[in-house]
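Okay, here's what each chain looks like letter by letter:
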Amino acid sequence: MESEQLFNRKGYYRNSYNSIASASSDEELLDGAGVVMDFHTSEDDNLLDGDATSPGSNYAMSNGGGVVSSTTHLLDFLEEPIPGVGTYDDFHTIDWVREKCKDRERHRKINAKKKESAWEFTKSLYDAWSGWLVVTLTGLASGALAGLIDIAADWLNDIKEGICLNAMWFNHEQCCWGSNETTFAERDKCPQWKSWAGLILGQEEGPGSYIMNYFMYIYWALSFAFLAVLLVKVFAPYACGSGIPEIKTILSGFIIRGYLGKWTLLIKTVTLVLAVASGLSLGKEGPLVHVACCCGNIFSYLFPKYSKNEAKKREVLSAASAAGVSVAFGAPIGGVLFSLEEVSYYFPLKTLWRSFFAALVAAFVLRSINPFGNSRLVLFYVEYHTPWYLFELIPFILLGVFGGLWGAFFIKANIAWCRRRKSTRFGKYPVLEVIFVAAITAVVAFPNPYTRQNTSELIKELFTDCGPLESSQLCQYRSQMNGSKAFVDAMPNKPAGPGVYAAMWQLCLALIFKIIMTIFTFGLKVPAGLFIPSMAIGAIAGRIVGIAVEQLAYYHHDWLVFREWCEVGTDCITPGLYAMVGAAACLGGVTRMTVSLVVIVFELTGGLEYIVPLMAAVMTSKWVGDAFGREGIYEAHIRLNGYPFLDAKEEFTHTTLARDVMRPQRSDPPLAVLTQDDLTVVELQGIISETSYNGFPVIVSKESQRLVGFALRRDITIAIENARRKQEGILLTSRVYFTQHAPTLPADSPRPLKLRSILDMSPFTVTDHTPMEIVVDVFRKLGLRQCLVTHNGNVLGIITKKNILAHLEELKEHTAPLASAWYYHKKRYPTSHGPDGKSRPRQHHVQLVPSFPGRQHSDDDEESEEEVMHLLDGRSFTL
Amino acid sequence: MSGEAFNLLSVLLGLLLMSTQTTDAKISEDIRCKCICPPYKDVEGQIYKQNVSLKDCTCLHVVVPMPVDGKDVEAYCLRCECKYEERSSGIIKVTIIIYLSILGLLLLYMVYLTLLEPMLKRRLFGHSQLIENNDDVGDQQPFANAHNVLSRSASRPNMLNKVEHAQQRWRRQVQEQRKSVFDRHVVLS
């Protein structure tokens with residue numbers, strides 16, 4: 001009776017309960033009064049006996065038919081399972097808990113049958129091995145596709161400049177493979193390779209041929225870009241972009257149908273080559289991850305273990321993304337770490353081993369294809385052997401600062417641009433936009449040799465250190481060597497020659513160009529990765545810094561810092577190393593990866609001694625970048641698109657309660673619930689068609705609001721449809737029941753419809769006073785899709801993943817900085833304290849109001865405080 | 001008897017020889033030893049390439065003619081860097097051909113879908129069908145009805161119908177994707 005008094009008082013809470021209670025008959029939730037009293041009524045006894053919701057009884061419980069029904073979850077073996085139940089709609093979130101239960105169930109079944117016959121035993125073996133098989137196939141396919149993409153992109157890229165006359169399928173370098181006409185200075189020229197000017201005009205040199213080459217370059221770039229965007233638009237719109245934000249979201253449990261399908265794979269592979277060859281400022285590394293994930297998804301359809309279970313499928317996708325990075329950078333370990341650090345959401349140890357294996361297989365396949373003819377997996381593999389010195393950490397950290405600044409700037413600018421594309425009319429012309437950007441890129445890029453060449457080649461050139469064997473412009477130092485001087489193996493620091501100065505300003509222009517174009521390119525409707533352009537920007541900046549430090553050391557070798565270790569004529573600064581550190585720093589600033597990035601770069605170079613500079617630069621870049629905004633580019637894009645992604649890295653530091661987040665809020669229509677045995681089919685259909693909710697709590701009855709279970713909308717519709725097709729005598733007026741036994745009905749009523757098999761009888765529940773901190777943690781760790789909120793065992797509302805995301809967004813926008821730690825700590829669990837009536841309600845009030853500025857709270861603070869207090873008191877009494 | 005055996009043997013040997021020759025030819029095209037020799041005294045820098053096996057990939061074997069005199073050969077060769085490289089021209093050729101043919105097929109199919117099919121449909125079903133289609137506001141695909149009619153009326157073999165159906169479904173999916181990517185901008189923007 002305590003609670004009855006409580007709820008009948010005027011004020012704060014009654015309104016909300018009344019609004020719930022004032023609903024139409026089927027959906028209504030009565031106020032809590034009397035419910036506690038109801039506890040021993042026959043209805044509740046029924047509930048306890050029939051449904052056995054008590055803990056521990058959810059396995060091997062024998063039901064009326066005498067058949068062992070194994071769980072309370074989904075499958076009721078009295079009836080055959082309804083096809084389609086337990087699947088998800090497009091753009092919906094999966095329920096990890098449910099999927100994992102399903103998998104364990106399946107596993108138990110197979111294990112139980114194993115001993116029956118040899119065939120069953122083979123089947124169980126096949127099932128046990130299918131995980132390894134599917135990652136093997138994925139690794140094979142992604143390695144082969146990466147090889148295809150590498151070879152085709154290289155070739156198509158060189159088509160912009162010319163063609164190999166005697167074998168048109170060779171790219172420039174392969175064309176001059178055996179030619180002895182190449183010279184030391186111009187090592188890429190050979191008579192077999194004809195530039196377009198040479199082919200059309202008949203002369204290789206001169207202004208006319210330059211213009212002709214320029215024109216052909218633009219022509220090819222435009223046509224490649226046009227073809228790419230056209231194919232994407234006509235066949236598979238999901239093939240555009242880098243794909244990593246979406247894969248992250250999918251791995252966290254979102255369904256995007258067709259995103260990892262056959263057509264997406266085909267079109268992404270084909271258009272990726274075109275997009276890379278068109279010279280746009282983009283890379284193939286991110287899309288390769290998408291391609292690998294498509295392979296993983298397609299192969300998982302061959303194995304029922306993975307095709308029927310969304311959670312298990314995501315384990316394969318985690319492994320596939322590792323294989324993708326493995327072939328993109330030739331870094332198998334880096335790929336595994338990338339999958340762990342950046343994309344995966346649920347990453348058990350078993351998945352780690354499978355990722356490892358997939359990465360291994362993929363790298364092996366790519367290595368045996370040998371796409372670059374250098375026995376390496378990437379074009380820009382370099383080896384250094386020169387040591388670095390402690391003093392050099394200062395420029396490395398400076399590069400880290402640059403990387404962080406660039407990352408923060410890029411994310412801000414790119415997101416602003418993408419938001420513009422998303423919200424204004426300008427987004428309606430994707431084809432025109434691509435053509436426009438490609439045209440600008442081609443026109444500006446051609447005159448500068450550093451932007452004209454393939455970005456991977458540029459990175460390679462910047463990474464490569466100047467040695468006596470190098471002849472590029474970057475290495476044209478004023479030579480002090482004369483013939484009489486003793487042969488030195490390494491190149492000593494030397495004054496820069498005119499070539500280096502020319503290269504410096506060209507590199508500066510290239511840096512500016514790349515920075516601007518990358519902002520506008522990432523987000524175009526063609527496959528576009530971000531790794532390579534970011535690395536190129538970092539490599540350019542790093543090389544510039546490296547050369548500057550080198551010249552400083554040369555001209556001021558008497559400075560204290562240089563004196564000890566940088567003597568005249570020795571090789572103490574390696575500009576290529578600076579380029580590599582810069583590349584890592586910029587990539588770190590954009591993606592905010594740390595461990596995996598260092599490992600990837602380390603695997604690129606194969607030099608263990610450079611791990612410390614890389615770590616210093618990457619860490620600095622992350623710190624600097626985080627100072628301007630905590631999210632990396634992928635999280636930013638996830639947020640821009642509003643995907644339901646609950647980031648495991650972010651901390652929830654607010655003090656709201658489950659009650660503040662749950663739906664319905666006080667101004668909302670009441671919660672739509674189903675009762676367990678007094679609805680008819682037509683009423684149920686009415687509820688489903690009137691509302692758009694994806695699931696409905698099932699309660700005992702209108703009087704007793706106790707929770708029975710949770711039924712998903714999709715399952716209900718499928719089950720009704722299925723029953724009306726297959727079962728005789730199901731009419732619109734048939735009674736629907738979720739209980740074990742059919743309710744007692746009048747004799748003339750039509751046959752009732754049993755929907756127990758689709759009822760989830762172990763929905764996750766929290767009480768209304770659970771701090772959101774805990775709720776968010778539960779959602780993250782268990783991967784819940786929704787969670788019911790109860791009060792005294794009665795259903796009050798529901799919290800979905802999207803509610804939590806909206807709540808987080810709201811808090812991010814509205815709240816002032818958090819209260820100090822002790823304050824926060826003290827007011828965290830208001831209900832767990834004793835009856836200290838003075839301070840607790842005040843805290844409580846403080847919690848409630850600021851977090852929900854949109855809420856109408858009563859002007860009379862005192863009263864509502866008191867109300868809350870009474871509610872709490874009442875609660876502690878009744879429990 | 002012995003003559004025949006001898007003949008057979010010789011044929012076999014010949015075949016073996018030929019096969020080794022062809023593999024030799026293949027290898028000689030796909031391997032190289034590349035020596036980069038930097039400038040030395042008054043000798044210009046030079047690049048030498050030879051089709052030699054890995055064990056012969058040294059400066060002394062590859063750099064012919066040697067540009068310096070006998071006493072300088074060692075010093076010159078010390079500076080040269082020789083790298084043995086392999087490639088597989090067959091894989092490159094096949095890859096490029098596969099890639100181009102897939103691209104070509106896709107382009108053809110695209111042309112068919114966007115230009116030819118509407119024309120064919122118009123000719124097949126005449127005017128009334130078109131008007132009916134146009135009335136269909138919610139339906140974004142102008143051929144949806146036509147296809148339904150086609151699959152219902154034509155008593156073709158099952159397989160063809162299945163393909164038709166799959167194509168239809170696929171097209172609806174792409175339509176949906178296009179809407180969500182390009183029009184509503186809910187994903188991938």
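Preceding block: the structure.
Summarised in this report is the structure supplied together with it. Given the structure is predicted, the values throughout are model-derived calculations rather than measurements.

Before going further, it helps to examine the overall build of chain B. When you go through chain B residue by residue, the secondary structure sums to 6 helices and 3 strands. When its helices and strands are written in sequence order, chain B yields α-β-β-α-α-β-α-α-α. Across the 189 residues in chain B, those meeting the buried criterion constitute 34%. Counting contacts in chain B only where the partners sit at least 6 residues apart, residues at least 24 apart contribute 52% of the total. Accessible area of chain B: about 12,100 Å², with a carbon and sulfur share of 62%.

This brings us to the interface of chain A and chain B. Each side of the interface is counted separately: chain A has 58 residues, and chain B has 49 residues. Taken together, the connections running from chain A to chain B amount to 1 salt bridge. The partner of Arg32(B) in a salt bridge is Glu173(A), and the shortest N-O contact between them spans 3.8 Å. Our enumeration of links across chain A and chain B arrives at 8 residue pairs in polar contact (both at pLDDT 80 or more). Those elements giving two or more residues to the side of chain A that touches chain B turn out to be helix H5 (118-159), helix H6 (172-175), helix H8 (207-235), helix H10 (262-277), helix H16 (393-423) and helix H26 (633-641) of chain A. Among the residues making up the side of chain A that touches chain B, the classes are represented as 36 nonpolar, 13 polar and 9 charged.

All names here are of chain A. You can see Met772 is positioned in helix H30 (residues 772-782). Once the C-alpha coordinates of Met772 and Arg420 are considered, the two residues, 352 residues apart in sequence, prove to be 34 Å apart. The residues touching Met772, leaving out its near neighbours within four places in the chain, are Phe652, Thr656, Leu657, Ala658, Val661, Ile799, Ile804 and His807.

The next thing to look at is the pattern of salt bridges. Residue and element names in this part refer to chain A. Per the stated rule, a full pass over the model turns up 28 salt bridges over all chains. A salt bridge links Glu433 to Arg421, with the shortest nitrogen-to-oxygen separation between them at 2.8 Å. Of this pair, Glu433 sits in helix H17 (residues 430-445) while Arg421 sits in helix H16, placing them 12 residues apart in sequence. The residues Glu433 and Arg421 share a single accessibility class, namely buried. With its nearest N and O atoms 3.5 Å apart, the salt bridge here joins Asp626 to Lys622. Of this pair, Asp626 and Lys622 are both found in helix H25 (residues 611-628), 4 residues apart, which corresponds to roughly one turn of the helix. Overall, Asp626 belongs to the buried group, its relative accessible area being 16%. One network of salt bridges, with partners in common, ties together Asp103, Arg106, Asp127, Lys312 and Glu315.

It is worth spelling out a nonpolar patch on the surface at this point. Together, Val111(B), Tyr112(B), Leu115(B), Leu116(B), Met119(B) and Leu120(B) make up a nonpolar patch on the protein surface, roughly 530 Å² of accessible area in all. Secondary-structure assignment places Leu115(B) in helix H4 (residues 89-135).

Adjacent strands of a sheet form backbone hydrogen bonds with each other and so pair up, either parallel or antiparallel. The strand order across the open sheet built from 4 strands is E5-E7-E8-E11 (chain A), with neighbouring strands paired in mixed fashion. Every other strand in the sheet has two partners, leaving strand E5 (674-675) and strand E11 (759-760) of chain A as the edge strands with one partner each.

What follows is about the sheet that holds strand E6 (residues 679-680) of chain A. Residue and element names in this part refer to chain A. With mixed pairing, the 3 strands of this open sheet are ordered in space as E6-E9-E10. Strands at the two margins of the open sheet, each flanked by one partner only, are E6 and strand E10 (753-754). Here strand E9 (residues 735-737) runs beside E10; their pairing, made up of 2 bridges, is parallel. What sits directly across from Tyr737, in E10, is Lys754.

Scoring rules and cut-offs
- Residues numbered from 1 in each chain as written.
- Chains lettered and ligands numbered in written order.
- Predicted model: local features only at pLDDT ≥ 70, side-chain atom pairs only at ≥ 80, totals over all residues.
- Heavy atoms only, no water.
- Helix = DSSP H or I, 4+ residues; strand = E, 2+ residues; numbered from the N terminus.
- Buried < 20%, exposed > 50% of the residue type's maximum accessible area, 1.4 Å probe, protein only.
- Contact = heavy atoms within 4.5 Å.
- Areas by Shrake-Rupley, 256 points an atom, 1.4 Å probe, with all protein chains shown as cover.
- Salt bridge = Lys/Arg side-chain N within 4 Å of Asp/Glu carboxyl O.
- Polar contact = N/O pair within 3.5 Å; in protein donor to acceptor, adjacent residues only side chain to side chain.
- Nonpolar A, V, L, I, M, F, W, Y, C, P; charged D, E, K, R; others polar.
- Patch = residues over 30% accessible without salt bridge, like charges linked within 9 Å, V, L, I, M, F, W, Y side chains within 5 Å.
- Pairing = 2+ DSSP bridges.

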